[in-house]
Amino acid sequence: MIRRPLLQRERIAVNEFRCTAVPGEKPFAEQYDAHSISYVCKGSFGCHCRGRFHELVTGAILVGHPGDEYTCTHDHVGGDQCLSFYLHPELVQAIGDSRAVWQIGSVPPLPELMVLGELAQTAADGNSDIGLDEAGHLLASRFIEMVSGRAARPVTAALRDRRRAVEAALWIDAHSQRDIGLDDAADQAGISTFHFLRLFSEVLGVTPHQYLVRSRLRHAARRLADDDSPITEIAYDVGFGDLSNFVRTFHRAAGVSPHAFRKASRGDRKIFQERLALH
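Engineer: Hey, could you run me through helix H7 (residues 193-204) in this one?
Structural biologist: The terminal C-alpha atoms of H7 lie 16 Å apart, and with twelve residues this matches the ideal 16 Å at 1.5 Å per residue to within 8%. Next to the buried residues of H7 lie helix H1 (89-95), helix H4 (132-148), helix H5 (159-174), helix H6 (182-189) and helix H8 (208-226). One or two residues past the end of H7 sits Gly205, with phi positive at roughly 85°.

In structure tokens form, the structure reads like this:
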């Protein structure tokens, strides 16, 4: 089993697991140490837990409850890949902590969950401006809704709540060069991460991480137009930890590379004219 840590926050952690076990390999018992949901991205495996046996295929979800023992097997095919979210008790309490729900063992491939699982995988690959922690919150919340049959209550934002969302956005923009997680912004607003994500998205129409990325892009665009600093320096200064991610994200937003954007800002209008002609 190969484990790759992807995210470690106060209230949520994310790991990618790649199992290379083959049929007939001797399994062994393990124990969940936190509430968890693991989206099966590839492959298949079996899991024995609480006297029941579960067969999981691509698109299914393995559900973990603290203290429960489980044994994973590969009786049919070898190898699988999972994206696993580990949730802090405070987050579990906010979204729903029914023991019956969290001890269900697994959930079959459901379209309502598979689309969010793939969104999370895209975020894990760095190809989405949705944060990986946000994707985990959305997946966990939707999991509770589907298993319990209880839809989440709609957000009703009072004036105080709307002010919280606006002030949080201004704080994110002012500190966008930092590594800001969903927990950090929620703590700044003084509410739980689960309710903060829903409130911010409802009031402002974007998730906190989307706003963070767009703030960084805004600052980068100004720097590219205003000064001659190297593009790599600008990328790191505004908060992007990886140059290739910055170039990819900027190109997706502007339709041109950072280098081409800088040339256009200096008077080379044909760059944007050619871009418009393509559409």
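Engineer: Hey, could you run me through the packing of aromatic side chains in this one?
Structural biologist: Within a pair of aromatic rings, the relevant descriptors are the distance that separates the centres and the angle that separates the planes. Applying the stated criterion to the full structure yields seven aromatic pairs. Between Phe196 and Phe200, the aromatic rings sit 5.6 Å apart at their centres with planes inclined by 55°, giving tilted as the arrangement. With Phe196 and Phe200 both in helix H7, this residue pair falls four residues apart, about one helical turn. With 5.7 Å between their ring centres and 50° between their planes, Phe246 and Phe250 make a pair best called tilted. Within this pair, Phe246 and its partner Phe250 are both found in helix H10 (residues 243-254), separated by four residues, close to a single helical turn.

Engineer: Can you walk me through the environment of Arg223 in this structure?
Structural biologist: Take Arg223: it is sitting in helix H8. As a C-alpha pair, Arg223 and Ala235 span twelve residues in sequence and 9.7 Å in three-dimensional space. Filtering out sequence-adjacent residues up to four positions away, Arg223 remains in contact with Ser229, Glu233, Ile234, Asp237 and Arg262.

Engineer: When you look at the packing of H8 against helix H11 (residues 258-265) in this model, what are you seeing that I'm missing?
Structural biologist: Any two packed helices are characterised by how steeply their axes cross, that is the angle between the axes, and by the distance between the axes. Packing of H8 against H11 leaves a shortest axis separation of 8 Å and a crossing angle of 55°. By the angle between their axes, H8 is oblique relative to H11. Relative to H11, H8 is oriented so that their crossing is right-handed. When H8 is examined against H11, the residues Ala221, Arg223, Leu224 and Ala225 are found in contact with a partner set consisting of Pro258, Phe261, Arg262 and Ser265.

Engineer: Sorry if this is basic, but what is going on with unusual backbone geometry here?
Structural biologist: A negative phi angle is the norm for most residues apart from glycine, just as the trans form is the norm for most peptide bonds. Phi is positive for Arg50, which is not a glycine, with a value near 55°. For Arg50, the location among the structural elements is in the loop between strand E4 (35-49) and strand E5 (52-57).

Engineer: How do you make sense of a nonpolar patch on the surface when you look at a structure like this?
Structural biologist: A cluster of nonpolar side chains, contributed by Val166, Leu170 and Leu204, occupies part of the molecular surface with about 250 Å² of accessible area. Here Val166 lies in helix H5.

Engineer: For this particular structure, what's the right way to read empty space enclosed by the protein?
Structural biologist: Once rolled over the atoms, a probe with the size of a water molecule shows which space is left empty. On inspection of all chains with the given rule, the structure shows two cavities of 30 Å³ or more. Its boundaries defined by the atoms lining it, the largest cavity holds a volume of some 40 Å³. As for the largest cavity, its lining consists of Ser44, Phe45, Gly46, Glu55, Thr73, His74, Asp75, His76 and Val77. When its residues are assigned to classes, the lining of the largest cavity shows two nonpolar, five polar and two charged. Size it by volume and the second largest cavity reaches roughly 30 Å³.

Engineer: Before we go on, may I ask you to explain the pattern of salt bridges in this structure?
Structural biologist: Summed over the entire model, instances satisfying the criterion amount to 16 salt bridges. Notably, a salt bridge pairs Glu90 with Arg11, separated by 2.9 Å at the nearest N-O pair. In this pair, Glu90 sits in helix H1 while Arg11 sits in the loop between strand E1 (2-8) and strand E2 (12-19), placing the two residues 79 residues apart along the sequence. What makes Glu90 partly exposed here is its relative accessible area of 34%. For the salt bridge of Asp237 with Arg223, the shortest nitrogen-to-oxygen distance reads 3.4 Å. On the criterion of sequence distance, the pair formed by Asp237 in helix H9 (residues 231-238) and Arg223 in helix H8 is long-range, its members being 14 residues apart. Residue Asp237 is classed as partly exposed on the basis of its relative accessible area, which comes to 39%.

Calculation rules
What you see as residue numbers is a count from 1 along each chain, following the sequence as written. The model is predicted, so local features are restricted to residues of pLDDT at least 70 and side-chain atom pairs to those at 80 or more, both for listing and for counting; the totals for chains, interfaces and linings are taken over all residues. The side-chain quantities take in all heavy atoms of the structure and omit both hydrogens and water. Working definition: helices are DSSP H or I runs of at least four residues, strands are E runs of at least two. Numbering for both runs from the N terminus. By this rule, a helix spans an expected 1.5 Å times one less than how many residues it contains. Only heavy atoms enter the contact rule, under which two residues are in contact if any of them lie within 4.5 Å. Stacked, edge-to-face and tilted labels apply to pairs of Phe, Tyr and Trp rings (six-membered ring for Trp) whose centres lie within 6.5 Å, assigned for plane angles under 30 degrees, over 60, and everything in between, in that order. To get an axis, fit a line to the C-alpha atoms, keeping to the stretch in contact for a helix; angles then go from 0 to 180 degrees between the N-to-C directions. For classification purposes, an angle smaller than 35 degrees is called roughly parallel, one larger than 145 roughly antiparallel, one from 65 to 115 roughly perpendicular, and anything else oblique. For any helix crossing, the convention is left-handed if the near helix is rotated counterclockwise from the far helix by under a right angle, and right-handed if that rotation is clockwise. Here the term patch refers to residues with relative accessible area over 30% and no salt bridge, with like charges joined within 9 Å and nonpolar side chains (Val, Leu, Ile, Met, Phe, Trp, Tyr) within 5 Å. In short, Shrake-Rupley with a 1.4 Å probe defines the accessible areas, and a residue's cover is counted only from the protein chains shown. One side-chain nitrogen of Lys or Arg within 4 Å of one carboxyl oxygen of Asp or Glu is enough to make a salt bridge. Points on a 1 Å grid, built from protein atoms alone, make a cavity when a 1.4 Å probe fits but cannot get out and make a pocket when they are open with protein on both sides within 12 Å along at least 5 of 7 lines; residues with an atom within 4 Å of a point are the lining residues. Grid points are joined across faces, edges and corners, and a volume is the space filled by probe spheres set on the points. Residue type decides the class: Asp, Glu, Lys and Arg count as charged, Ala, Val, Leu, Ile, Met, Phe, Trp, Tyr, Cys and Pro as nonpolar, and the leftover types, Gly among them, as polar. Between buried and exposed lies partly exposed: a residue is buried under 20% and exposed over 50% of the maximum accessible area for its type, with that area taken using a 1.4 Å probe on protein chains only.

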